[in-house]
Amino acid sequence: MSEPPKEPIKYVDADVHLPYHYVAGDHRARYLRALKDKKILGSKCAKTGKVFVPPIINSPESFAPADELVEVADRGVVTTFCVVNIPVIGREIELPYVAASVALDGADISIFALIQECKPADVRMGMRVEAVWKPDNERQGDHEDIRYFRPTGEPDAPMESFIHRL
Amino acid sequence: MSNITSLRNVAVVGFAQAPIVARDEHHTAQEMLFPQVRRALADCGVERSAIDYQVAGSSDYIDGRPFGFVAALDVMGAWPPTQDLHLEMDAAFAAYYAWVRMQAGECDTAIVCGYGKTSEGEPRRLLNLQLDPYYHAAIGLDGLSTAALQASAYMARTGANDRDLAEIAARNRAAGARHPEAQLRTPATADELQRTPWAVEPLRQGYVPPIGESAVCLVLAAEGKAERMCDRPVWIQGIDHRTEMQTLGARDLFRSAGAKLAADKALAMAGLRSARDADVIELSAATPAEELILCEAVGLDARAARPAINPSGGPLVGHPLMLTGLMRMGEVFHQLAGRADGRAVAGAKRGIAHATSGHCLQQNLFVVLGSERRWT
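Only a predicted model underlies this, so the values are computations on that prediction, with no experimental measurement involved.

A.B. asks: Whenever I open this one, the overall build of chain A confuses me. Can you help?
C.D. replies: Secondary structure summary: chain A contains 1 helix and 8 strands in total. By its C-alpha atoms, chain A is 80 × 40 × 35 Å across when sized along the principal axes. Looking at chain A as a whole, 26% of its 166 residues are labelled buried. For chain A, the share of sequence-separated contacts (at least 6 apart) that also reach a separation of at least 24 residues comes to 54%.

A.B. asks: Can you help me understand the pairing of strand 1 (residues 40-44) of chain A in this one?
C.D. replies: Residues and elements named next belong to chain A. Counting buried positions along strand 1 gives 5 out of 5 residues, so the element sits mostly inside the fold. Every second residue of strand 1 is oriented toward a common face, with Ile-40, Gly-42 and Lys-44 on one face and Leu-41 and Ser-43 on the other, all of them buried. As defined by bridge partners, strand 1 adjoins strand 3 (residues 68-72) across 5 bridges and the pair is classed as antiparallel. Within strand 3, the position partnered with Ile-40 by the bridge is Val-72.

A.B. asks: How should the interface of chain A and chain B be read in this particular structure?
C.D. replies: Across the contact, 16 residues belong to chain A and 22 residues belong to chain B. Of the residues belonging to the side of chain A that touches chain B, the class tally is 11 nonpolar, 3 polar and 2 charged.

A.B. asks: Got a minute to help me understand the sheet that holds strand 3 of chain A in this structure?
C.D. replies: By way of backbone hydrogen bonds, the strands of a sheet pair with one another, either parallel or antiparallel. Residue and element names in this part refer to chain A. The strand order across the open sheet formed by 3 strands is 2-1-3, and the pairing between neighbours is antiparallel. Of all strands in the sheet, those bounded by a partner on one side alone are strand 2 (51-52) and strand 3. Across the sheet, helix 1 (residues 26-36) touches strand 1 and strand 3, and the angle it forms with strand 1 is around 150 degrees.

A.B. asks: Sorry, what's going on with the environment of Ala-103 of chain A here?
C.D. replies: Residue and element names in this part refer to chain A. With respect to the helices and strands, Ala-103 occurs in strand 5 (residues 97-104). Using a count of 24 C-beta atoms within 10 Å as the deciding quantity, one classes Ala-103 as buried. As a C-alpha pair, Ala-103 and Thr-79 span 24 residues in sequence and 6.5 Å in three-dimensional space. The contacts of Ala-103, once residues within four sequence positions are left out, are Gly-76, Val-77, Thr-79, Ser-110, Phe-162 and Arg-165.

What counts, and where the lines are drawn
- Residues numbered from 1 in each chain as written.
- Chains lettered and ligands numbered in written order.
- Predicted model: local features only at pLDDT ≥ 70, side-chain atom pairs only at ≥ 80, totals over all residues.
- Helix = DSSP H or I, 4+ residues; strand = E, 2+ residues; numbered from the N terminus.
- Buried ≥ 20, exposed ≤ 12 C-beta atoms within 10 Å, placed from the backbone.
- Contact = placed C-beta atoms within 7 Å.
- Pairing = 2+ DSSP bridges.
- Nonpolar A, V, L, I, M, F, W, Y, C, P; charged D, E, K, R; others polar.
- Axes fitted to C-alpha atoms, helices over the stretch in contact; angles between N-to-C directions.

None of the figures reported here should be taken as evidence of function without further support.
Given below as structure tokens:
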């Protein structure tokens, strides 16, 4: 057996490429399609009546099915938020920006949303906000159809009205 | 070596399965699972709150997301906060884990779930990535080619030929035609299958399964609860899992030492001398060569009428990868519980279910099931 090579091969590159083509599922597909019409849909728990946005097929809490789709408003209240100062992978967005949980009117859980058209320091729990949609001919039926949420100027919502919808 | 003389009697009391399809265009993996969990519990006459423990087997690489398995929590029922386990393996191994926890007295009832939409990614690519990245993955081996290597080695050793494979495949296709949830539901003769082109020689396209997707939920319950959840509980009498080496080239591919040992241990735990004492056996054989190798490992003639081999049609008629082994357990349950309409093995009181994982039958799990309790 001869000597091992003086210059061993130290590295092997393995490029892994795994493409995925996801099924949206009927609930999600209807939700995405409705965004094109400026409608936001949720699904309603058959047992408790809680409304989940975006729609899911069952309540993770009660375990009952949530087959019924209902429309919720495109406005609601900031339940909690944070001010992001570091860049995010895969998105081009001006720093700092506000990422918030927004409980839409009619929904029992919050969605995640960008808050703009105000100073980050002005954002607070209970602040009333409304969706800013892409123009009619630009909406595709995906999450970017809502560009962001902005303050409406209405009085803040009282904490009791959203504390269970964080 | 354990000298277990008495274990808890644990039974399979329910099993629900979605049809195996090439692609369900309307439901995500979790949305496919939810109705099966609901149905399995409803068939047992219990609410989710009656279940102490939940386990699942699936692959994040099939889901396409690291920790993707957590998405199933909400459709398995995770409120109030629950004990849960996920295995990156066939869901049958998760059933074994639940059984072990029941032996420890930590739970009396469990649901075992399997799910995954193989259609959303490229399973053949995944099975390539599962191999050693330096020597094996780099040359393009995948699940089909490693299975072909094993088939070739077995045929060289035993003299088994193309016709032998065709006849086993034909038997499975005939059985699949009687199974309402199989993906391949048309029978095919050995002649027809022998005329299919090579997939990877010596395996013809007619000898390898379509990779499909489905969702399953199996319910386990210990003695004391099992009797209230099922009119004919199917008791686990023996169970064992063995793995072989990872280095593919170091293994004897022409036989399955791991399957033999796991089967011997499971049969011994069940108090049986041989697999011939069973009425039905469901093997997770993805090719007819694997079926022959497994039959040899457990001491069965692949052509014998009893035990009936793969009355479900086995993986050849539907192979959703991470669910296949649990489906074998589910089939044995249906057979022994009198719920296998249209394909019932008459008078079946004892059955064996097999699951595998890894290339070339690397890991093997055997479960011996019966209509009677093993331990008193």
